[in-house]
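Architecture and fold: a report
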Amino acid sequence: MKKNLCLGLVAIFVTLSAHAYNKNTLSKLADYANFSFMRNQEPSFNERTQSIDIRSTDCSNKNLSQYSAEQITFDSQTALPIDESKWPIDFNPYNIMQTHINPGLNIHLLHEQGIDGHGLSMAIIDQPLSQHDEYNDNLVHYEEFLAYKGQQGSMHGSAVSSIAVGKTVGVAPKAKLYYFAADLMDGKFKNDETKSRTSKYYAAALDKIIEINKTLANNEKIFVVSVSASPSWSRDPETWNKSLEKAKQAGIFVTTVNLEQEYGLRDNGLYRYALSNPDKFESYRQTNWQTDNDASFDIQKNTLCFPMDHRTTAGPNGINDYVHYADGGFSWMKPFEAGMYVLAKQVKPDITPEDFFKTGLETGYYSEAAKCVIVNPPELIKKLQQ
């Protein structure tokens, strides 16, 4: 009886300590984004992405009927036209928002099997992060490496975190998240964006991840880092490359948008239709800005693709706010890829990036519409379990 009581008290103490630790981490996060400046702006059509952004915009007296559901980026704070005849004819905002909370490609089948990232740790280096119910419980560390302090939470930070570990949006909803806010610009050369672009803050964040790992038990180490940018495309690429090499030597997979150059692995992102089933391969195609710029068939068959467009994610301007992005770009693809690597690690602890991509290509679905091999999460995991 005394032994059971002691064990119970220990469990309570551990739970309370973890809660206090998480609360301390959350207190360090950036303030919510203030999108009030967007309220009365005039929506404009982006020819490259074929989309219109009406996040937090007052469209109550506007006419959006010339657009389609495929083209609308909106959020919880969007005021749609009062007259529904001025909405896009196929636009049901609630259904679209809810449909694309689903990560897609039958990820939920893995979650139902308990393959959800529990007990594993990943990291993200991106823009400042504000709190959200999607990922607050996952956060175990938050640190900033910024040129300018006091920055608000960004749409980037909330989106990538929720795609990676969000409890409803995320690929690995039970994984621990170490988050590092970093800048890619230092403003040193104010009139020259190329010269102002630096890798030093991202490199410093990656160095910190390596140092943190030295303090963690083997089963708690960070083994994948999602970077929705390319720090090596800067005035000081050698700074990033040096840190990246140290991470590789430490067994950490750092997936950036320059993955082919850094690892020799080819990946790409997928457009999925706004009114489609996210779990069906037929719902995906090549994204708008890549159309008519096809790689050779051999390259397509060796390119592993992950969802990026038409995703619902956490918003940066409220703890329960959400955004539906018609286009996400590589930024939204990277945390999906990293989250999928977490699930792979859960079933095969000794997996390498090369194993992951090889198995993904072997078990994936080649799509003529997508011009690549679409990752098939259940089949990839099944193969790794054999």
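Residues numbered from 1 in each chain as written. Predicted model: local features only at pLDDT ≥ 70, side-chain atom pairs only at ≥ 80, totals over all residues. Heavy atoms only, no water.

**Observations concerning the overall build of the protein**
Test applied: Numbering of helices and strands runs from the N terminus; a helix is a DSSP stretch of H or I covering at least four residues, while a strand is a stretch of E covering at least two. For each residue, the accessible area found with a 1.4 Å probe, counting protein chains only, is set against the maximum for its type, and the residue is called buried under 20%, exposed over 50%, and partly exposed in between. By the convention used here, residues are in contact when the closest approach between their heavy atoms is within 4.5 Å. Note on areas: Shrake-Rupley, 1.4 Å probe, and residue coverage restricted to the protein chains presented here.
Each helix and strand counted, the protein has 12 helices and 15 strands in total. Referenced to the eigenvectors of the C-alpha coordinate spread, the extents of the protein come out at roughly 70 × 55 × 45 Å. Across the 386 residues in the protein, those meeting the buried criterion constitute 56%. Taking the intrachain contacts of the protein between residues at least 6 apart in sequence as the baseline, contacts between residues at least 24 apart amount to 70%. Total accessible area on the protein stands at roughly 17400 Å², and carbon and sulfur atoms take up 51% of it.

**As for the sheet that holds strand β10 (residues 284–285)**
Selection rule: Here, any two strands with at least 2 DSSP bridges between them count as paired. Helix axes are fitted only over the stretch in contact, all axes being lines through C-alpha atoms; the angle between N-to-C directions runs from 0 to 180 degrees.
The five strands are arranged β10-β9-β11-β15-β14 in an open sheet whose pairing can be described as mixed. One side of each edge strand has no neighbouring strand; the edge strands of this open sheet are β10 and β14 (365–367). By the bridge criterion, two bridges tie strand β11 (residues 304–307) to strand β15 (residues 372–374) in an arrangement that is parallel. Opposite L304, over in β15, you have V373 as the bridge partner. Its contacts with the sheet place helix α11 (residues 353–363) against β9 (267–272), β11, β14 and β15, and it is angled at close to 85° to β11.

**Concerning the packing of aromatic side chains**
As a reminder of what qualifies: Between the rings of Phe, Tyr and Trp (Trp by its six-membered ring), a pair exists once the centres lie within 6.5 Å; its type follows the angle of the planes, with under 30 degrees stacked, over 60 edge-to-face, and the other angles tilted. Throughout this description, the term charge over a ring refers to an Arg CZ or Lys NZ atom that lies within 6 Å of the ring centre and within 35 degrees of the ring normal.
Enumeration according to the criterion identifies 18 aromatic pairs in this entry. Between the aromatic rings of Y271 and Y273, the centroid separation amounts to 5.9 Å while the plane-to-plane angle is 80°, which identifies the pairing as edge-to-face. When its relative accessible area of 32% is taken as the criterion, Y273 is described as partly exposed. Here F306 and F336 contribute two aromatic rings whose centre-to-centre distance is 6.3 Å and whose plane-to-plane angle is 55°, an arrangement assigned as tilted. Here F306 is found in strand β11, whereas its partner F336 is found in helix α10 (residues 330–347), with 30 residues between them in sequence. Residue F336 is classed as buried on the basis of its relative accessible area of 0%. Just above the ring of Y263 sits the side chain of K248; from NZ or CZ to the centre is 4.5 Å.

**Some points on the state of the cysteines**
This is how it is decided: We call a pair of cysteine sulfur atoms a disulfide whenever their separation is within 2.5 Å.
Taken as a whole and judged by the stated rule, the model has one disulfide. Shown here is the disulfide that connects C305 with C372, its sulfur atoms set 2.2 Å apart. Taking the sign of the S-S torsion, about -135° here, the bridge from C305 to C372 comes out left-handed. Taken together, the residues C305 in strand β11 and C372 in strand β15 connect sequence positions 67 residues apart.

**Remarks on the packing of helix α6 (residues 200–213) against helix α7 (residues 237–249)**
How two helices pack is summed up by the angle between their axes together with the distance between the axes. Going by this rule: Orientation is classified from the angle alone, with under 35 degrees giving roughly parallel, over 145 giving roughly antiparallel, 65 to 115 giving roughly perpendicular, and any other angle giving oblique. We call a crossing left-handed when the near helix sits turned anticlockwise from the far one by less than a right angle, and right-handed when that turn is clockwise. The residue classification treats Ala, Val, Leu, Ile, Met, Phe, Trp, Tyr, Cys and Pro as nonpolar and Asp, Glu, Lys and Arg as charged. All others, Gly included, are polar.
Following both chains from N to C, one finds α6 and α7 inclined at 15°, their axes separated by 8 Å at the closest point. For the element pair α6 / α7, the angle class is roughly parallel. Crossing of α6 over α7 shows left-handed handedness. Taking contact as the criterion, the partners of K200, Y202, A203, L206, D207 and I210 in α6 are, on α7, T239, W240, S243, L244, K246 and A247. Grouping the amino acids of the contact of α6 with α7 by side-chain chemistry returns seven nonpolar, two polar and three charged.

**Digging into the sheet that holds strand β2 (residues 51–53)**
Working definition: the strands of a sheet are paired by backbone hydrogen bonds and lie parallel or antiparallel to each other. On the basis of which strands lie adjacent, the open sheet formed by five strands has the order β1-β2-β3-β13-β12 and mixed pairing. Whereas interior strands pair on both sides, the edge strands pair on one side only; in this sheet they are β1 (45–46) and β12 (311–314). Pairing of strand β3 (residues 72–75) with strand β13 (residues 322–325), which is carried by two bridges, proceeds in the antiparallel orientation. Residue pairing in the sheet places D75 in a bridge with V323 of β13. Docked against the sheet, helix α4 (residues 155–165) engages β12 and β13, running at close to 110° with respect to β12.

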